[in-house]
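# Geometric and topological summary
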Amino acid sequence: MANLVSSWSKTTQILPENYIFPVDERPGSGEVPLCQNIPLIDLSATRSQTVQEILHASQEFGFFQVIHHGVSEDLIDDTMKVVQEFFNLPDDYKEKLYSIDPTKLPTRSCRLYTSGSSYAYEKIHLWRDNLRHPCHPLDKWVHSWPQEPAKYRDFVGKYSLEVREFSLRMLDLICEGLGLEPGYFGEELTGGQLMSINHYPRCPDPSLTLGLSKHADPNLITVLSQGRVYGLQIFKDGQWLGVEPLHHAFVVNIGQQLQIISNGRLRSAEHRAVTNSTEDRTTIVSFINPSPDTIIEPATSTLDSNAPRFRPFKFKDFLKVYEEKKGDAEAMIEVYKIKP
Ligand code: OGA
Ligand code: NI
């Protein structure tokens with residue numbers, strides 16, 4: 001239990017050695033520029049304009065932010081507050097949910113853990129705690145979620161439904177932009193949804209450690225609320241760029257499945273989370289996933305005259321390989337790329 005960073009770090013002035021990353025992975029103390037170019041999509045604009053902007057953003061950056069998205073600001077605030085409260089609950093409550101190695105607990109759907117997927121085996125830990133649970137369909141999963149804080153299920157439940165609707169709307173616009181048949185992203189491709197709450201406590205030395213190391217998301221599409229606190233960086237053209245926290249905006253990120261379905265037209269960009277020394281940072285992440293047995297392959301209408309660049313696979317098999325490759329995006333693409 002004492003493993004959770006939120007349990008022990010409040011009284012610590014020194015970063016423990018097993019949180020210090022190798023020199024070439026550390027964020028360092030140099031400034032990472034906030035990226036002024038990450039597209040900001042205003043959903044109140046015309047449909048054809050948003051389709052165009054989203055497609056451009058997904059090709060260039062694999063990331064964009066969305067305002068006027070239709071999800072109530074009060075709901076976003078209430079949800080953020082309740083997930084922050086969760087991480088401030090007494091240790092003995094959190095202990096009941098805590099698992100040292102989430103991969104060893106396949107039957108436990110709601111998991112609280114720290115660092116990455118294998119705390120027990122890794123040499124260096126991430127400066128984060130994570131709470132994650134499936135949320136679609138809501139009725140099936142809500143009873144496995146934390147009972148405390150008292151409002152957790154209510155707010156996170158409402159939020160997950162609204163974010164799902166928003167994600168499907170994004171997919172619908174992307175579908176149109178890619179020229180796929182309407183409804184392409186149906187129940188099979190979007191059958192799963194996972195809520196992942198990241199908590200990055202204040203850190204004694206943010207230059208030496210990471211909240212999340214460089215990775216690309218293995219799902220279809222990700223929607224992230226990062227509140228007001230900075231920490232998300234994307235890797236573009238060999239450089240790290242900061243994503244400005246825009247209160248109440250959603251950060252949308254193309255997952256690797258969407259990269260493959262679009263035959264590489266859309267980018268699934270690598271990104272990471274850095275920590276800071278002044279305040280805790282909590283992010284609410286919703287991953288839309290295909291159902292486990294769904295076959296993923298480039299959609300024929302994205303091919304034009306091009307040959308498919310990826311071979312078909314089952315989504316659940318991709319996840320297994322992802323675990324083995326520790327999220328290394330290039331290594332993943334190599335596995336599924338059709339060699340000319
Ligand atoms: C993730 C992720 C970034 C953040 O959960 O996959 O990239 O800023 N999170 O928390
Ligand atoms: Ni991510």
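Residues numbered from 1 in each chain as written. Chains lettered and ligands numbered in written order. Predicted model: local features only at pLDDT ≥ 70, side-chain atom pairs only at ≥ 80, totals over all residues. Heavy atoms only, no water.

## A word on the coordination of the nickel ion (ligand 2)
Put simply, a metal with four donors set out as a tetrahedron has ideal angles of 109.5 degrees, and one with six donors set out as an octahedron has ideal angles of 90 or 180 degrees. Coordination of the nickel ion (ligand 2) by the protein comes from His215 (NE2), Asp217 (OD) and His271 (NE2), over a distance range of 2.1 to 2.2 Å. Sequence positions of the donors to the nickel ion (ligand 2) reduce to the motif H-x1-D-x53-H. Of this pair, Asp217 sits in the loop between strand E6 (212-215) and strand E7 (221-225) while His271 is found in strand E11 (residues 271-273), placing the two residues 54 residues apart along the sequence. Classification of His271 as buried rests on a relative accessible area of 6%. (Donors = N, O, S within 2.8 Å, 3.2 Å for Na, K, Ca; no water. Helix = DSSP H or I, 4+ residues; strand = E, 2+ residues; numbered from the N terminus. Buried < 20%, exposed > 50% of the residue type's maximum accessible area, 1.4 Å probe, protein only.)

## A closer look at unusual backbone geometry
A cis geometry characterises the amide bond from His136 onward to Pro137, with omega recorded as -5°. Among the secondary structure elements, Pro137 is positioned in the loop between strand E4 (129-134) and helix H5 (138-141). With an omega of -10°, the peptide bond running from Glu148 to Pro149 counts as cis. With respect to the secondary-structure elements, Pro149 resides in the loop between H5 and helix H6 (152-178). Despite not being glycine, Asn263 has its phi angle at roughly 55°, a positive value. Take Asn263: it is sitting in the loop between helix H7 (256-261) and E11.

## Overview of the packing of aromatic side chains
Taken as a whole and judged by the stated rule, the model has 13 aromatic pairs. Plain terms: the ring middles of Phe86 and Phe87 are 5.1 Å apart, the flat faces sit at 85° to each other, and that makes the pair edge-to-face. The same class applies to Phe86 as to Phe87, namely buried. Each ring, one from Phe235 and one from Trp240, has its centre 4.8 Å from the other, and the planes form 50°; the classification is tilted. Ring-pair connections join several aromatic residues into one group, and the members of that group are Phe86, Phe87, Trp145 and Tyr152. Positioned over the ring face of Phe235 is Lys214, at 4.0 Å from the centre of the ring. Above the face of the Phe61 ring, Lys236 is positioned so that its terminal group lies 5.0 Å from the ring centre. (Phe/Tyr/Trp six-rings, centres within 6.5 Å; stacked < 30°, edge-to-face > 60°. Lys NZ or Arg CZ within 6 Å of the ring centre and 35° of its normal.)

## Some remarks on the UniProt feature "domain: Fe2OG dioxygenase" (unreviewed entry) in the chain
When the UniProt feature table is mapped onto this chain numbering, "domain: Fe2OG dioxygenase" (unreviewed entry) sits at residues 190-290. Between the end C-alpha atoms of residues 190-290 there is a gap of 5 Å, over a span that is 6% helix and 44% strand. (UniProt positions renumbered as here; feature names shortened; annotations may be inferred.)

## Structural notes on the site of ligand 1
Every residue lining ligand 1 is accounted for by Asn198, Tyr200, Leu212, His215, Asp217, Leu224, Leu232, His271, Arg281, Thr283, Val285 and Phe287. Within the side chain of Tyr200, an N or O atom sits 2.6 Å from an oxygen atom of ligand 1. Within the side chain of Arg281, a nitrogen or oxygen atom sits 2.9 Å from an oxygen atom of ligand 1. Relative to its unbound accessible area of 290 Å², ligand 1 is 96% covered by the protein chains. For the shell around ligand 1, the element with the highest residue contribution is strand E12 (residues 281-289), accounting for four residues. Taken together, the residues that form the shell around ligand 1 break down as six nonpolar, four polar and two charged. (Near = heavy atom within 4 Å. Polar contact = N/O pair within 3.5 Å; in protein donor to acceptor, adjacent residues only side chain to side chain. Areas by Shrake-Rupley, 256 points an atom, 1.4 Å probe, with all protein chains shown as cover. Nonpolar A, V, L, I, M, F, W, Y, C, P; charged D, E, K, R; others polar.)

## Points about the sheet that holds strand E8 (residues 232-236)
Ordered in space as E6-E11-E8-E9, the four strands form an open sheet in which the pairing is antiparallel. Across the chains shown, the open sheet's two edge strands, defined by having one partner strand only, are E6 and strand E9 (239-242). Strand-to-strand twist of the sheet, defined as the mean angle between neighbouring strand axes without regard to direction, takes the value 20°. Of the strand pairs in this sheet, E8 and E11 are connected by three bridges, and their pairing is antiparallel. (Pairing = 2+ DSSP bridges. Axes fitted to C-alpha atoms, helices over the stretch in contact; angles between N-to-C directions.)

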